[in-house]
Amino acid sequence: MRRRERAGIGFWRALSREPRRLVAMGLWSVLEAAPAFLIGHAVARAIEDGFARAEPVTGLAWLAALGVAWLVAAVAARQVVLCVAAVAEPFRDDLLAHVVEGTLRQADGRDSAAVARATLQVELARDAFAAVVTTVRGFAFTVVSVVLGLVTLAPQALALVLPPFAAGLALFLASLPALARRQRAFLLADERLADAMTGVAGGLRDIEACGLQDRTYERLDRQVGDQAAAARALARVTAARTAALAVGGWLPVMLVLAGTPWLLDGGLGPGVIVGTLAYVAQSLAPALGGLVQGLSVSGVRLAATLRRIAASAPPAPRARPSLRPASSDVRLSSVTFAYGPHSAPVLDGLDLVIPEGDHLAVVGPSGAGKSTLAALVSGMLRPAEGEVLVGGVPADRIDPDARVLIPQEAYVFRGTLAENLAYPQTPADLKERLDEAVAAVGVRELVDALGGYEALLDPAALSAGQRQLVALVRAYLAPARLVILDEATCHLDPAAEARAEAAFARRGGTLIVVAHRLTSALRARRILLMDGTRVTVGTHDELAKVSPLYADLAGHWHPEPVS
Ligand SMILES: Nc1ncnc2c1ncn2[C@@H]1O[C@H](COP(=O)(O)OP(=O)(O)OP(=O)(O)O)[C@@H](O)[C@H]1O
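Residues numbered from 1 in each chain as written. Predicted model: local features only at pLDDT ≥ 70, side-chain atom pairs only at ≥ 80, totals over all residues. Heavy atoms only, no water.

(A) Quick look at the domain arrangement of the protein. Assigned domains of the protein: these are domain 1 (1–154 + 298–319), domain 2 (156–267) and domain 3 (330–556). Relative to domain 3, the C-alpha centre of domain 2 lies at a distance of 68 Å. (Domains from an automatic or database assignment.)

Set out below in structure tokens:
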């Protein structure tokens, strides 16, 4: 049920999303429906003021005016088609995004044919949607034009025209749900029969060999019978449709003809009665016929395809809104994480508090889980047990602007240097902000070497270190109060690394650095040593005293001067 609602909501959302197009469509529709308003008046005046008084020029002038209105209507009809297309395309795009995403998720990437089938359904739905919008809109504008025409030409005639018309319309609308159901039943019976026939055709030899002819015949006979019954049921509702057309479209004509003496007594001239008949026979009946035909075919098809699309592509899980953290302090409580259900945990029951403003270096042998910790704190991974909170908010739900993670391999895209440095921001004072960040991180030399902020970058032509510098400036400019550098300076020389880290330390907020060198750890306020699933936190001196592993690691690092 909810799936069907989603598809239904897509219909109304597509209509309301382009309000200007809708207004334009309305205005063009008024022009398109002008002949429906004019026809009764023009015919009545042509007869009464022209031909009946032996003044053919006047009569012809009225008919010519009607002709001009038809020409204008033709131009307007073209514009209406363009407006309908402009509304139908976003509807198609919405559906397409929905089915491709849903089908891929459901098919797990194994069934590309499922995507092809679904996109075909979307094309059918788009065509049906455009036809329904065109039909219903045309019907509504024509009916309003005819009613206005009758009100101004022969108001008495409304009593003869409107009741049967409304009755016919109501009869048709009441039959629509049944029509949709039976059409669907007929299509399903047809598909089942086609499937069965295909199966039989492919297995004829086996049927013959196993002597299954009679049973196969009985089964096919049953399915042919089912399909015939579905076709008969559909035909019965189709009869209701024909009755609706007769009542709504032609009964008004007969009533106006039968009521001629009464209308003449009421002071209407014969020309006005012919004009009234023109309204009913030329505008109202065809409009009802168009609606009946359009909704019976396109409306039913639209409902059926939307239902199929909804059933074949389940909706994406609703994206949860991100939350703004109160601060940038980080708390891990009893966090356990493993990459697979049968893998050994990388973190096991880890408790850790990194208060706002802290500068923490994370060290440990390769594979100890440093990057995993960085990914958990940045919310890219979720713990299997326990929780990771940033400013009181679960890390995976945090507002993306509130934290930034720079991995070892920095991302640079084809664009200007300024775009790369500022991405995704475009502040008004971009130049000043860039200058400040570039100076702080120590990247001025690179900016000049690349040819300034407006230089076009070729990512492949940059060295890994240059890409890291670009990403560091980007992170520095970001509004995030929590910065996680996961070996983000590993391709820089020690001096450049020291400058960049010092800039981030001065920047404020919480800084977590997965350290690549001892100097990086020495600059931090605290050091977190990861060793298997055991972790120890302390200063360099504390760790050197209590942890042989740390002493060993520190010994292997180059003893570079601390800046
Ligand atoms: N995507 C993954 N799928 C499965 N196992 C993974 C994945 N990423 C990491 N691991 C494993 O998890 C453990 C911790 O890896 P992690 O990358 O967090 O360690 P690290 O301390 O950052 O290592 P390094 O210093 O080499 O980058 C390792 O045993 C690693 O093989």
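There is more to say, and it comes next.
(B) Main features of the sheet that holds strand S9 (residues 482–486). Strand order in this open sheet of six strands is S6-S9-S10-S3-S11-S12, and the pairing throughout is mixed. The open sheet has two edge strands with one neighbour each: strand S6 (403–406) and strand S12 (534–538). Averaged over all adjacent pairs, the angle separating strand axes in this sheet is 15 degrees, with direction ignored. Direction of pairing for strand S11 (residues 526–531) relative to S12: antiparallel, over a ladder of five bridges. Looking across to S12, one finds that Leu 528 is bridged to Val 537. On top of the sheet, helix H16 (residues 494–507) reaches strand S3 (359–363), S9 and strand S10 (510–514); it is set at about 155 degrees to S10, its chief contact. Helix H19 (residues 548–556) rests against S3 and S11 of the sheet, and its axis sits at about 105 degrees to S11. (Pairing = 2+ DSSP bridges. Helix = DSSP H or I, 4+ residues; strand = E, 2+ residues; numbered from the N terminus. Axes fitted to C-alpha atoms, helices over the stretch in contact; angles between N-to-C directions. Contact = heavy atoms within 4.5 Å.)

(C) How the structure looks around the site of the ligand. What surrounds the ligand is the set Tyr 339, Val 346, Pro 365, Ser 366, Gly 367, Ala 368, Gly 369, Lys 370, Ser 371, Thr 372 and Glu 487. Side-chain polar atom of Ser 366 to an oxygen atom of the ligand: 2.6 Å apart, as the coordinates give it. Gly 367 is positioned with one of its backbone polar atoms (N or O) 2.9 Å from an oxygen atom of the ligand. Within the complex, 53% of the 630 Å² of free accessible area of the ligand lies under protein. Split into classes, the residues belonging to the shell around the ligand amount to four nonpolar, five polar and two charged. (Near = heavy atom within 4 Å. Polar contact = N/O pair within 3.5 Å; in protein donor to acceptor, adjacent residues only side chain to side chain. Areas by Shrake-Rupley, 256 points an atom, 1.4 Å probe, with all protein chains shown as cover. Nonpolar A, V, L, I, M, F, W, Y, C, P; charged D, E, K, R; others polar.)

(D) Region of the structure containing empty space enclosed by the protein. Taken as a whole and judged by the stated rule, the model has one cavity of 30 Å³ or more. Taken as a whole, the largest cavity spans an internal volume of roughly 50 Å³. Lining the largest cavity we find Ala 180, Gln 183, Arg 184, Leu 187, Val 300, Ala 303, Ala 304 and Arg 307. Mapped onto the lining of the largest cavity, the elements with two or more residues apiece are helix H6 (158–202) and helix H10 (270–312). Here the residues of the lining of the largest cavity sort into five nonpolar, one polar and two charged. (1 Å grid on protein atoms, 1.4 Å probe; cavity = no way out; pocket = protein on both sides within 12 Å on 5 of 7 lines; lining within 4 Å. Points joined across faces, edges and corners; volume = space filled by probe spheres on them.)

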